[in-house]
Amino acid sequence: MKVQEIIIRPVKEDELYRLWELSLKEDYPEWKKWDAPFEPYTSMTYEQFIQKKDYFMNQEDFWGIYVNDDLVGSLCYYWEHEASLWLEMGILIYDSMFWNSGIGTKSLKMWIDHLFHEMPLIRVGFTTWSGNERMVKVGEKLGMTMEARMRKCRLYNGVYYDSIRMGLLREEWEEQNESFT
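The sections below set out a description of the structure shown in this document. (Residues numbered from 1 in each chain as written. Predicted model: local features only at pLDDT ≥ 70, side-chain atom pairs only at ≥ 80, totals over all residues. Heavy atoms only, no water.)

**Side note on the overall build of the protein**
Move 1: Each helix and strand counted, the protein has 6 helices and 8 strands in total.
Move 2: The helix and strand sequence of the protein, counted from the amino end, reads β-β-α-α-α-β-β-β-α-β-α-β-β-α.
Move 3: Summarising its shape, the C-alpha atoms of the protein cover approximately 45 × 40 × 35 Å along the three principal directions.
Move 4: Looking at the protein as a whole, 46% of its 181 residues are labelled buried.
Move 5: Across the protein, contacts joining residues at least 24 apart in sequence account for 61% of those joining residues at least 6 apart.
Move 6: For the protein, the accessible surface area stands at approximately 10200 Å², while carbon and sulfur atoms represent 49% of it.
Move 7: For the protein, the separation between the mean place of its 21 positive charges and that of its 31 negative charges on side chains is 5 Å. (Helix = DSSP H or I, 4+ residues; strand = E, 2+ residues; numbered from the N terminus. Buried < 20%, exposed > 50% of the residue type's maximum accessible area, 1.4 Å probe, protein only. Contact = heavy atoms within 4.5 Å. Areas by Shrake-Rupley, 256 points an atom, 1.4 Å probe, with all protein chains shown as cover. Lys, Arg positive; Asp, Glu negative; His and termini not counted. Charge placed at Lys NZ, Arg CZ, Asp CG, Glu CD.)

**Quick notes on the environment of Asn68**
Move 1: Counting through the fold element by element, Asn68 comes out in the loop between β3 (62–67) and β4 (70–81).
Move 2: Note on Asn68: relative accessible area 55%, which makes it exposed.
Move 3: Measuring from C-alpha to C-alpha, the distance between Asn68 and Ile7 comes to 8.1 Å, with 61 residues separating the pair along the chain.

**Comments concerning the pairing of strand β6 (residues 123–129)**
Move 1: Counting buried positions along β6 gives 6 out of 7 residues, so the element sits mostly inside the fold.
Move 2: Bridge count for strand β5 (residues 86–93) against β6 is 3 bridges, and the pairing is parallel. Of the residues in β6, the one forming a bridge with Glu88 is Gly125.
Move 3: Note on the crossover from β5 through helix α4 (residues 103–118) to β6: the handedness is right-handed.
Move 4: Pairing of β6 with strand β8 (residues 159–169), which is carried by 7 bridges, proceeds in the antiparallel orientation. Pairing of Thr127 across the sheet is with Arg165, part of β8. (Pairing = 2+ DSSP bridges. Right-handed = clockwise from strand over helix to strand, strands pointing away.)

**Concerning the side chain of Asp162**
Move 1: Locating Asp162 in the fold gives a position in strand β8.
Move 2: Of the polar contacts made by the side chain of Asp162, one reaches the side chain of Arg149; its length is 2.6 Å.
Move 3: Apart from residues lying up to four places away in sequence, Asp162 is in contact with Thr128, Trp129, Ser130, Arg149, Met150, Arg151, Lys152 and Arg154. (Polar contact = N/O pair within 3.5 Å; in protein donor to acceptor, adjacent residues only side chain to side chain.)

**So, α4**
Move 1: Taking 1.5 Å per residue, 16 residues should reach 22 Å; α4 reaches 22 Å between its end C-alpha atoms and fits that length.
Move 2: The buried count for α4 comes to 12 of 16 residues, which makes it a mostly enclosed element.
Move 3: Taken residue by residue, α4 has Ile103, Gly104, Thr105, Ser107, Leu108, Met110, Trp111, Ile112, Asp113, His114, Leu115 and Phe116 as its buried positions. (Expected span 1.5 Å × (residues − 1).)

Take a look at the structure:
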């Protein structure tokens, strides 16, 4: 799928080194300050990473975000409860140079289109935290509803933040995107 210079697609084997550099090479990557920083993170060597390559390469639940053919981020989904088609998704733009550029919003829009087109989903959603205001704004731009706000349950750097769950129903998506097929 392509919108302007942004493409989302499965990651290929020859892109694994770049994915490792962006995602797991550094001990304290800048992106981790926004992506659930209260959860444990461990960097790894490329040799360790390549042992898990099947998790990242040519998967339906993990795609890369490409700007001008350069890998800059990733999209994923996981089942919260597959029997009821409850799917949650995530996005990471690794390089801060690409933050606040609209790439995340456009990529997540394409991902939602893809998920609704390929799967019989009723709803898509994501969970974030109140410290990641950009992610909440992306959800709002895409027409998502704040479905839950668990107050002061995420501790980061001595401060309590809220956990926020946002969601979007298929009929809401179709209504706001008339070109959806």
